[in-house]
Amino acid sequence: VTLVERTLGAVTTAEAGLFIGAQVVGGCLGAVLANLMFDLPALDETLVAVDGVTLRNGQPVRASGCATLSDARLSTTDPHLFGDPEPFERVRRATKVTRFGLDALGYARIATGDLDLVIESGLKCHDYDALVAVVRGAGGVIGNWSGGHDLAGGDVVAAASAALYDEAVALLAE
């Protein structure tokens, strides 16, 4: 996939080299490396998805189950990263509170029940691959802006419940 992205010009040669190096190391170290992706030493916290269950420091965690945008705590890395900010703004205006700048930690916070919704645009597979299992293992939903599961387009929505995901996707599509 990385070589195809390089051929299409989606990544630079330097980025492709880094991605391939990480893929080789990951292939050699297997699940150990993947589990370390949510190792948060500053917070004394590790999140892993094992057999469909997300664990924080060995204990199961669950998404909040928040079902409506009016009750939702929303996050995105930076609202200026959206090509067209209006779809995100429609969702933001409907939520209770919005936080910026959490990057991957936002997805971890959905899994632990501390956030309810993350919306991002322009992500690459290395940005979200580890996040999918962590969110889903905690009972959350992660998919694209069209309501599907293909994240290759880089537009990602993660939510604490299917109802919340569907409501966000509907507003993004307006």
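This one's a predicted model, so the numbers in the text were calculated from it and none came from an experiment.

*Asks:* Whenever I open this one, the overall build of the chain confuses me. Can you help?
*Replies:* A tally of regular secondary structure across the chain gives seven helices and nine strands. Considering only intrachain contacts with a sequence separation of at least 6, the fraction spanning at least 24 residues in the chain is 60%. Per element, the accessible surface of the chain, about 8,900 Å² overall, is 58% carbon and sulfur.

*Asks:* Help me understand the packing of aromatic side chains in this model?
*Replies:* The way to describe two aromatic rings as a pair is by their centre distance and the angle between their planes. The full count for this structure, using the stated rule, is two aromatic pairs. Considering the side-chain rings of Phe82 and Trp145, the 5.8 Å spacing of their centres and the 45 degrees angle between planes classify their relative orientation as tilted. Here Phe82 is found in the loop between β5 (73-76) and α4 (86-94), whereas its partner Trp145 is found in the loop between β8 (141-144) and β9 (156-159), with 63 residues between them in sequence. Taken together, the ring pairs in this structure connect Phe82, Phe88 and Trp145 into an aromatic cluster.

*Asks:* Would you mind showing me how to read the environment of Asn57 here?
*Replies:* Note on placement: Asn57 falls in the loop between β3 (53-56) and β4 (59-60). Residue Asn57 is classed as partly exposed on the basis of its relative accessible area, which comes to 46%. Each C-alpha atom of the pair Asn57 and Thr46 lies 5.2 Å from the other, and the pair is eleven residues apart in sequence. Discounting residues that sit within four places of it in the chain, Asn57 has contacts with Asp44, Glu45 and Thr46.

*Asks:* How should I be thinking about the pairing of strand β7 (residues 117-120) in this particular structure?
*Replies:* Looking along a regular strand, one sees side chains alternate from face to face of the sheet. Neither face of β7 is exposed, since Leu117 and Ile119 on one face and Val118 and Glu120 on the opposite face are all buried. As judged from the two bridges shared by β5 and β7, these two strands associate in the parallel manner. Its bridge partner being in β7, Ser75 is matched across the sheet by Val118.

*Asks:* Please clarify how the nonpolar core should be interpreted in this entry.
*Replies:* Within soluble globular proteins, side chains that are nonpolar tend to cluster in buried spots. Val91, Tyr107, Leu117, Ile119, Ile142 and Val157 are the most contacted members of the largest nonpolar core, which totals 34 residues. Counting residues per element, the ones that place at least two in this core are α4, α5 (104-111), β7, α6 (125-137), β8, β9 and α7 (162-173). Aside from chain neighbours lying at most four places away, what touches Ile119 is Leu74, Ser75, Thr76, Phe82, Phe88, Val91, Trp145, Val156, Val157 and Leu172.

*Asks:* Can you help me understand the environment of Arg136 in this one?
*Replies:* As for its position among the elements, Arg136 is in helix α6. Distance in space between the C-alpha atoms of Arg136 and Ala49 is 8.6 Å, their sequence separation being 87 residues. Setting aside anything within four residues of it in sequence, one finds Arg136 in contact with Ile142 and His149.

*Asks:* Please explain unusual backbone geometry as it appears in this structure.
*Replies:* With the exception of glycine, the majority of residues adopt a negative phi angle, and the majority of peptide bonds are in the trans configuration. Not every positive phi belongs to a glycine, and Asp51 is a case in point at roughly 50 degrees. With respect to the helices and strands, Asp51 occurs in the loop between β2 (45-50) and β3. Note on Asp51: relative accessible area 78%, which makes it exposed. You will see that Asn57, though not glycine, has its phi angle at about 50 degrees, which is positive.

*Asks:* Just to check I follow, could you spell out the side chain of Thr54 for this structure?
*Replies:* With respect to the helices, strands and loops of the structure, Thr54 is situated in strand β3. By relative accessible area, Thr54 is classed as buried at 0%. A polar side-chain atom of Thr54 sits 2.6 Å from the main-chain carbonyl oxygen of Val134. Only 3.3 Å separates the side chain of Thr54 from the backbone nitrogen of Ala138, close enough to count as a polar contact. Contact partners of Thr54, with chain neighbours within four places excluded, come to Leu47, Val48, Ala49, Gln59, Pro60, Val61, Ala111, Ala133, Val134, Gly137 and Ala138.

*Asks:* Can you walk me through the sheet that holds β7 in this structure?
*Replies:* Sheet strands pair via backbone hydrogen bonds, and the direction of the pair is either parallel or antiparallel. Pairing in this open sheet of five strands is mixed, and the strands run β6-β5-β7-β9-β8 from one edge to the other. With partners counted over all chains shown, the strands left at the sheet margins are β6 (97-100) and β8, one partner each. Adjacent strand axes in the sheet meet at a mean angle of 20 degrees when their direction is disregarded. Pairing geometry for β5 and β6, over four bridges, is parallel. Residue Ser75 lies in a different strand from β6, and its bridge partner there is Arg99. Packing against the sheet, α4 makes contact with β5, β6 and β7, and its axis sits at approximately 155 degrees to β5. This element, α5, spans β7, β8 and β9 of the sheet and lies at about 155 degrees to β7.

Thresholds applied
- Residues numbered from 1 in each chain as written.
- Predicted model: local features only at pLDDT ≥ 70, side-chain atom pairs only at ≥ 80, totals over all residues.
- Heavy atoms only, no water.
- Helix = DSSP H or I, 4+ residues; strand = E, 2+ residues; numbered from the N terminus.
- Contact = heavy atoms within 4.5 Å.
- Areas by Shrake-Rupley, 256 points an atom, 1.4 Å probe, with all protein chains shown as cover.
- Phe/Tyr/Trp six-rings, centres within 6.5 Å; stacked < 30°, edge-to-face > 60°.
- Buried < 20%, exposed > 50% of the residue type's maximum accessible area, 1.4 Å probe, protein only.
- Pairing = 2+ DSSP bridges.
- Core = buried A, V, L, I, M, F, W, Y, C linked by side-chain atoms within 4.5 Å.
- Polar contact = N/O pair within 3.5 Å; in protein donor to acceptor, adjacent residues only side chain to side chain.
- Axes fitted to C-alpha atoms, helices over the stretch in contact; angles between N-to-C directions.

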